[in-house]
Amino acid sequence: MNHRVKAEIRYGEHFTSAGQILRSALVSGPGIVWVTTFLLLPLVAIGVISFLSKGAYGWFEPPFTLYSYKRFVGFGLLGFDILYPIIILRSFVLGAATAFLCAAAAFPLAFFICGLKPRYKNVALTLVVIPLWTNLMIRTYAWQIILGPQSWLSHLAAALGLVPTGAGLFPSTLAVYIGMVCDFLPFLVLPLYASAEKLDWSIVEAAQDLGANAFNTFRHGILPQVMPGLAAGFILVLIPATGQFVIPDLLGGGKTVLLGNLIQQQFLQSRDWPFGAAIAFLTMGLSMAGLWLYVRLTACKGEETLL
């Protein structure tokens with residue numbers, strides 16, 4: 001092969017490589033710029049602000065310090081204060097309870113959709129997603145009307161002696177959980193349906209033939225097969241539900257402080273930007289830790305299945 005042919009080959013390889021880079025930049029460039037501008041840079045800004053100190057007028061200024069993080073975990077100027085750890089625990093309990101209630105409601109709904117005829121499945125899935133087409137605030141205000149003192153549900157609850165006469169089911173903890181479940185249920189139904197649709201019913205039949213009762217059949221024949229979808233849906237509900245504050249604030253009467261309310265108060269009322277940024281940064285860290293744990297668990301489950 002002469003030098004001219006070799007030069008043409010190198011030129012062609014260089015041209016092809018440059019063309020691929022150009023095409024990749026044209027396709028991925030706008031998305032990379034968008035994510036960098038509106039996601040990565042704000043995250044970096046929040047991280048930097050969280051290490052600064054509160055200024056005289058509520059702004060942030062040097063020096064850099066870990067005081068906001070120490071304050072969030074309970075260590076303040078007057079010693080240990082359990083207030084913020086309680087808020088963390090309360091928010092996690094709300095998110096976990098919402099995820100469990102959504103799982104309990106999603107199981108029968110997902111399997112019901114799987115049992116429908118093919119032409120009805122898309123209709124059922126569309127009905128599951130339709131509530132997300134309406135703004136969260138509108139849905140929450142609608143629940144205020146449905147659970148208000150003049151609603152038939154409140155009259156029925158009063159007739160059964162569950163609430164005083166003339167009182168409503170809103171504001172209350174029950175109203176908060178009703179709103180949370182209705183808001184986050186689709187995020188658990190869809191991944192659970194995706195797993196249930198691929199379920200191998202021969203394993204279930206084998207468990208029944210071996211004398212397993214209904215609980216053991218579900219535990220050994222169904223649950224392991226739908227666990228990937230259940231775990232994905234659980235994480236998708238747990239993380240945003242833990243940081244939710246609109247529904248608890250509107251349906252709970254604003255009587256309980258959660259992580260979302262706490263962040264809002266620091267930025268809008270207390271004007272303590274470093275502390276609010278530290279709370280937001282730690283909350284995102286906990287969310288990323290939850291996603292990492294989910295990936296690890298699903299990866300280990302996949303390795304066990306291959307073995």
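Please read these numbers as outputs of a predicted model, since none were measured by experiment. (Residues numbered from 1 in each chain as written. Predicted model: local features only at pLDDT ≥ 70, side-chain atom pairs only at ≥ 80, totals over all residues. Heavy atoms only, no water.)

(A) Summary view of the overall build of the protein. A tally of regular secondary structure across the protein gives twelve helices and four strands. Residues classed as buried in the protein amount to 33% of the 307 residues present. Working note: accessible area of the protein is about 19,100 Å², and carbon and sulfur atoms make up 71% of it. (Helix = DSSP H or I, 4+ residues; strand = E, 2+ residues; numbered from the N terminus. Buried < 20%, exposed > 50% of the residue type's maximum accessible area, 1.4 Å probe, protein only. Areas by Shrake-Rupley, 256 points an atom, 1.4 Å probe, with all protein chains shown as cover.)

(B) Focus on the nonpolar core. Cys102, Ile113, Met180, Leu188, Leu192 and Val226 are the most contacted members of the largest nonpolar core, which totals 41 residues. Of all elements in the fold, only helix 3 (83-114), helix 4 (118-129), helix 6 (152-159), helix 7 (173-197), helix 9 (214-242) and helix 10 (246-251) reach the threshold of two or more residues within this core. Here the element with the most residues in this core is helix 7; it accounts for eleven residues. Filtering out sequence-adjacent residues up to four positions away, Ile113 remains in contact with Lys121, Ala124, Leu125, Val128, Val189 and Tyr193. (Core = buried A, V, L, I, M, F, W, Y, C linked by side-chain atoms within 4.5 Å. Contact = heavy atoms within 4.5 Å.)

(C) Main features of the pattern of salt bridges. One pass over the full model with this rule turns up three salt bridges. Asp272 is paired through a salt bridge with Arg71; the nearest N and O atoms lie 2.8 Å apart. One end of the pair, Asp272, is in the loop between helix 11 (259-268) and helix 12 (273-306); the other, Arg71, is in helix 2 (residues 67-72), with 201 residues separating them in the sequence. (Salt bridge = Lys/Arg side-chain N within 4 Å of Asp/Glu carboxyl O.)

(D) How the structure looks around the state of the cysteines. What the rule picks out here adds up to zero disulfides. Note on Cys102: no disulfide assigned, nearest cysteine sulfur contributed by Cys182 at a separation of 8.5 Å. Accessibility expressed as a relative area gives 0% for Cys102, which makes it buried. (Disulfide = S-S within 2.5 Å.)

(E) Examining the packing of aromatic side chains more closely. Throughout the structure, instances matching the rule amount to ten aromatic pairs. Between Trp34 and Phe38, the aromatic rings sit 4.5 Å apart at their centres with planes inclined by 45°, giving tilted as the arrangement. Of this pair, Trp34 and Phe38 both sit in helix 1 (residues 3-50), separated by four residues, roughly a single helical turn. Assigned by exposure class, Trp34 and Phe38 land together as exposed. Members of the aromatic cluster, each reached through a chain of ring pairs, are Phe107, Phe111, Trp201 and Phe218. In this structure, Arg71 is placed above the aromatic ring of Phe275, and the distance from its NZ or CZ to the ring centre is 3.9 Å. (Phe/Tyr/Trp six-rings, centres within 6.5 Å; stacked < 30°, edge-to-face > 60°. Lys NZ or Arg CZ within 6 Å of the ring centre and 35° of its normal.)

(F) Broad picture of helix 9. Here helix 9 contains 29 residues, and its C-alpha end-to-end distance of 33 Å is more than 12% below the 42 Å for a straight helix at 1.5 Å per residue. Along its length, helix 9 shows its largest kink, about 55°, at Met227, and proline Pro228 lies within four residues downstream of that point. Where helix 9 begins, one side-chain oxygen reaches toward the backbone nitrogen of Phe215, 3.3 Å away; that side chain belongs to Asn213. (Expected span 1.5 Å × (residues − 1). Bend = angle between axes of the 7 residues up to and from the residue. Polar contact = N/O pair within 3.5 Å; in protein donor to acceptor, adjacent residues only side chain to side chain.)

(G) Geometry of the packing of helix 7 against helix 9. Two elements in contact, helix 7 and helix 9, have axes whose closest approach is 7 Å; the angle formed by their N-to-C orientations is 160°. Considering their axes alone, helix 7 and helix 9 lie roughly antiparallel with respect to each other. Considering only the axes of helix 7 and helix 9, their crossing is right-handed. For the pair helix 7 and helix 9, contact is made by Met180, Phe184, Phe187, Leu188, Pro191, Leu192, Ser195 and Ala196 and by Gln225, Val226, Pro228, Gly229, Leu230, Ala232, Gly233, Phe234, Leu236, Val237, Pro240 and Ala241, respectively. Looking at side-chain class alone, the contact of helix 7 with helix 9 contains 16 nonpolar, four polar and no charged residues. (Axes fitted to C-alpha atoms, helices over the stretch in contact; angles between N-to-C directions. Parallel < 35°, antiparallel > 145°, perpendicular 65-115°, else oblique. Left-handed = near helix turned anticlockwise from the far one by under 90°. Nonpolar A, V, L, I, M, F, W, Y, C, P; charged D, E, K, R; others polar.)

(H) Focus on the side chain of Thr242. With respect to the helices and strands, the residue Thr242 is situated in helix 9. According to the relative accessible area criterion, Thr242 is buried, its value standing at 13%. At 2.6 Å, the side chain of Thr242 forms a polar contact with the backbone oxygen of Leu238. Those residues in contact with Thr242, other than ones at most four positions away along the chain, are Ser91, Phe92, Gly95 and Leu259.

Note that all results are geometric; they support no functional claim without further evidence.
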